[in-house]
Amino acid sequence: MGLLSLGTPLPWGKSQTYTELIRHHGIEQFLALYNKMKDKKTECLLFGDEVEYMVIFMDHNNKNAKLSLRVSEIYSELAKEEAEAEKDPKKTVQSGWRPEYGSYMLEGTPGTPFGNKIADLTRVESSMKLRRQTVMKYLRANETVVTVTSFPRLGCLGEFLEPHFEPGGPVAKSLFVPDEVINPHPRFPTLTANIRTRRGSKVAINMPIFHDTKTPKPFIDPTIQWNRDKYPEDKEAASGAALPDHIYMDAMCFGMGSCCLQITFQTRTVSDARRLYDQLATLAPIMLALTAAAPIWRGYLSDTDCRWDVIASSVDDRTEEERGLEPLKKNKFVINKSRYDSIDSYISTDARLKQEYNDLPLVYDESIYKRLIDNGIDDLLARHVAHLFIRDPLVIYDELLYQDDETSTDHFENIQSTNWQTVRFKPPPPNSSIGWRVEFRSMEVQITDFENAAFAIFIALLTRIILVYGLNFYIPISKVDQNMGIAHKRGAVLNEEFWFRKSIYDDAVSSCRKTSQISEINRANLSNGSMSDKWEKMTINQIINGDDGHFIGLIPLIKGYLDASGIDHDTRRQLDRYLDLVSKRASGKLATTATWIREFVRSHPKYNYDSVVSQEINYDLFKLIEKLQTGQTKVPTFLDGFEI
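Quick notes on the rules
Residues numbered from 1 in each chain as written. Predicted model: local features only at pLDDT ≥ 70, side-chain atom pairs only at ≥ 80, totals over all residues. Heavy atoms only, no water. Helix = DSSP H or I, 4+ residues; strand = E, 2+ residues; numbered from the N terminus. Rg over C-alpha atoms; globule rule 2.2 N^0.38 Å. Buried < 20%, exposed > 50% of the residue type's maximum accessible area, 1.4 Å probe, protein only. Contact = heavy atoms within 4.5 Å. Areas by Shrake-Rupley, 256 points an atom, 1.4 Å probe, with all protein chains shown as cover. Lys, Arg positive; Asp, Glu negative; His and termini not counted. Charge placed at Lys NZ, Arg CZ, Asp CG, Glu CD. 1 Å grid on protein atoms, 1.4 Å probe; cavity = no way out; pocket = protein on both sides within 12 Å on 5 of 7 lines; lining within 4 Å. Points joined across faces, edges and corners; volume = space filled by probe spheres on them. Nonpolar A, V, L, I, M, F, W, Y, C, P; charged D, E, K, R; others polar. Salt bridge = Lys/Arg side-chain N within 4 Å of Asp/Glu carboxyl O. Polar contact = N/O pair within 3.5 Å; in protein donor to acceptor, adjacent residues only side chain to side chain. Pairing = 2+ DSSP bridges. Core = buried A, V, L, I, M, F, W, Y, C linked by side-chain atoms within 4.5 Å. Expected span 1.5 Å × (residues − 1).

### Overview of the overall build of the chain
Broken down by element type, the chain carries 23 helices and 17 strands. In terms of overall dimensions, the chain is globule-like: its C-alpha atoms have a radius of gyration of 24 Å, near the 26 Å expected for 644 residues. Taking the principal axes of the C-alpha coordinates as reference, the chain spans close to 70 × 60 × 55 Å. Classification of the 644 residues of the chain by burial places 62% in the buried group. Expressed as a percentage of contacts within the chain between residues at least 6 apart in sequence, the contacts between residues at least 24 apart total 77%. Carbon and sulfur atoms provide 49% of the accessible area of the chain, an area that totals close to 24300 Å². Positive and negative side-chain charges in the chain, numbering 79 and 88 respectively, have mean positions lying 2 Å apart.

### Some words on the layout of surface pockets
Reported here for the second largest pocket is a volume of approximately 460 Å³. Arg198, Glu322, Lys330, Asn331 and Asp392 are, among the 21 residues lining the second largest pocket, the residues nearest its centre. Top element by residues in the lining of the second largest pocket is helix H2 (residues 19-37). It accounts for 3 residues. Considered class by class, the residues forming the lining of the second largest pocket number 4 nonpolar, 5 polar and 12 charged.

### Some words on the pattern of salt bridges
Scanning the entire structure with this criterion turns up 51 salt bridges. Salt-bridge contacts for Arg198 lead to Asp317; the nearest nitrogen and oxygen are separated by 3.7 Å. Taken as a pair, Arg198 in helix H5 (residues 187-199) and Asp317 in the loop between helix H9 (308-314) and strand E12 (340-341) lie far apart in primary sequence, 119 residues in all. For the pair formed by Arg198 and Asp317, the shared burial category is buried. One salt-bridge network, in which partners are shared between bridges, spans Glu20, Arg23, Arg198, Asp317, Glu322, Arg339 and Asp392.

### Observations regarding the environment of Trp297
Turning to its location among the elements, Trp297 is positioned in strand E10 (residues 296-297). A residue is classified by how much of its surface remains accessible, and Trp297, at 2% relative accessible area, is buried. A sequence separation of 143 residues divides Trp297 from Leu154, and the C-alpha atoms of the two residues are 7.3 Å apart. Discounting residues that sit within four places of it in the chain, Trp297 has contacts with Ser150, Pro152, Met207, Ile247, Met249, Phe254, Ser302, Cys306, Arg307 and Val310.

### Details of the side chain of Asn419
Position of Asn419 relative to the elements: it lies in the loop between helix H12 (410-416) and strand E13 (420-421). Polar contacts involving the side chain of Asn419 include one to the main-chain carbonyl oxygen of Ile415, which spans 2.8 Å. Not counting residues up to four positions away in its chain, the partners in contact with Asn419 are Arg339, Leu388, Arg391 and Arg424.

### Side note on the pairing of strand E4 (residues 105-110)
A large share of E4 lies buried, amounting to 6 of its 6 residues. In E4, alternate side chains face the same way, and those of Met105, Glu107 and Thr109 on one face and Leu106, Gly108 and Pro110 on the other are all buried. Where strand E1 (residues 46-59) lies against E4, 4 bridges are found, and the strand directions are antiparallel. Pairing of Glu52 across the sheet is with Glu107, part of E4. Note that strand E3 (residues 95-99) and E4 share 5 bridges and pair antiparallel. Along E4, the bridge assignment pairs Trp97 with Gly108. Linking two consecutive strands that pair antiparallel, namely E3 and E4, is a turn of 5 residues.

### Things to note about the nonpolar core
Leu154, Phe458, Ile544 and Trp596 are the most contacted members of the largest nonpolar core, which totals 196 residues. Not counting the four nearest positions on each side in its chain, Leu154 is found in contact with Leu67, Tyr104, Phe160, Val177, Val181, Cys253, Phe254 and Arg298. Leu10, Tyr18, Ile22 and Leu401 belong to the second largest nonpolar core, which has 5 residues in total.

### Remarks on helix H4 (residues 124-136)
Relative to the 18 Å expected for 13 residues at 1.5 Å per residue, H4 spans 19 Å between its end C-alpha atoms, a close match to the ideal helical length. Those residues of H4 that fall on the buried side of the exposure criterion are Val124, Glu125, Ser127, Met128, Arg131, Arg132, Thr134 and Val135.

### A look at the side chain of Asp350
Assignment of secondary structure puts Asp350 in the loop between E12 and helix H10 (366-374). Given the relative accessible area of 14%, Asp350 is considered buried. Here the side chain of Asp350 touches Arg352 through a polar contact of 2.8 Å, side chain to side chain. Other than its neighbours up to four places away in sequence, Asp350 contacts Arg275 and Tyr474.

### Digging into unusual backbone geometry
With an omega of 0°, the peptide bond running from Glu162 to Pro163 counts as cis. Considering the arrangement of structural elements, one finds Pro163 in the loop between strand E6 (161-162) and H5. Cis geometry marks the peptide bond from Lys217 to Pro218; its omega dihedral reads -5°. By the element assignment, Pro218 lies in the loop between strand E7 (205-208) and helix H6 (237-241).

Below is the structure:
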């Protein structure tokens, strides 16, 4: 979840002394790096995925699935195994491991990036399976590793951690979770405390309750410790932070303790990276809805399906002035979003990017913008960086204050990596063979490796046709924001429509014809419709699968690309399985993970139709998830006949 440095993190009061130093040298480091790397070209398109895992302890005697806080031990073994493989020339590093925010979480990546050959895509699922098997080697009896977006009973009354700790602690000061739930690496508790201190209060997360037939109206959560008097912040819930008819959460762990599936792409040039950044940004809400997997928070069914708004609120360090609640006195800007949110501007040099597409008022530091412009950075990229740098650095290490700006990018990454947006534009690391990259960040992690591979491969193929065919997904960025809101709605895949561009081809048609990179049948479809700048509301089924005579659909485009590629039958058959899963989720033939979980809860014999997800229901859910992950059971409405 960002830069993990070793050192002594400064408390917020002391770190404020150095915020301008970090900001100044962060820009100097970016300029030095950009000027060195702006002409860098890499030979091929590479990509890699990041899958986040939770370790669960299954207390069978008490029918209780709990989060295991033993992951630091497991990570030590994984890191040792990885280090030994790196030293031995006869061994291949097959997986990489990083700690994550929660003490129950791990992040796993492939040992090396996947290549640019289509056949390389068939390695993704086997890599994910290997990672899961690697973790399982270090689990104890009754432990299991899962890929679920949110743990349904995090922050409930009773025991949800193994070992158990009572809620509270000086870092988060939460009413619901103990500080022990936070990874002990110095970055994570410091980040938590500094966000709370900078904001001037605990974070306030409110997700709308799902009103079932017996859910009280209004819903006032009876499990909140309204009268606790351990910390001054305890009174915030009763003073308005906890909203009626909402599930209230008060700690960073509820957001950053959830899991996702992220994909990073290395492009050939910086201009390709900027183009891919823009085009993927428009797809981020679509993929958020399609991978929706988080319908339960703090033991209650919510009226939303996704994690994104929870995380956005969980790291919202804006002061009351920056949120527009008080006049500006101490702060410089009113900022309309959390630092974890959708992007605010497109950045490509593509001639098809029209000024009116960047229709949100962009808040940026004008003095930083001028420095960037004066040093040769173009207007769009200068605005982008100056916008990122309206944020304060959240974790400053004493030992890393003074650096060589020509060789280090730590200060730049300090701010860049804590702008957690739907896509991230990533310059090459200094002194590295790595090229310009784009990180796609909106997708929720799925239960099985097959599903995660399917969505990773779908996005990977989509990036190829974006770059090969020059596809144009531009819509006004305000409509991308609207789509993010729509994506959170319960059942959005089936019940909602999203803004999408009607014609995504423009001048790409003639280009495709010249290079013979698309089949004859799809050439005809490319030419249908107006080339004018128009967009309209479409269902996700229309966007993904197409609508005869209206919109071709992304999967038919991908299949046209595969038709023209000449790949062997076995590779094509395997890729079609992944595309079929995405297609069926988009059409509603198969339920999203969020819908399936919600239906499981509501059909459980112990569910009382009051929105409460009890300890026993949660336990039974994880028993079934365990069987799904290993292919021991099938759920036709969720995974159909796909072999896991």
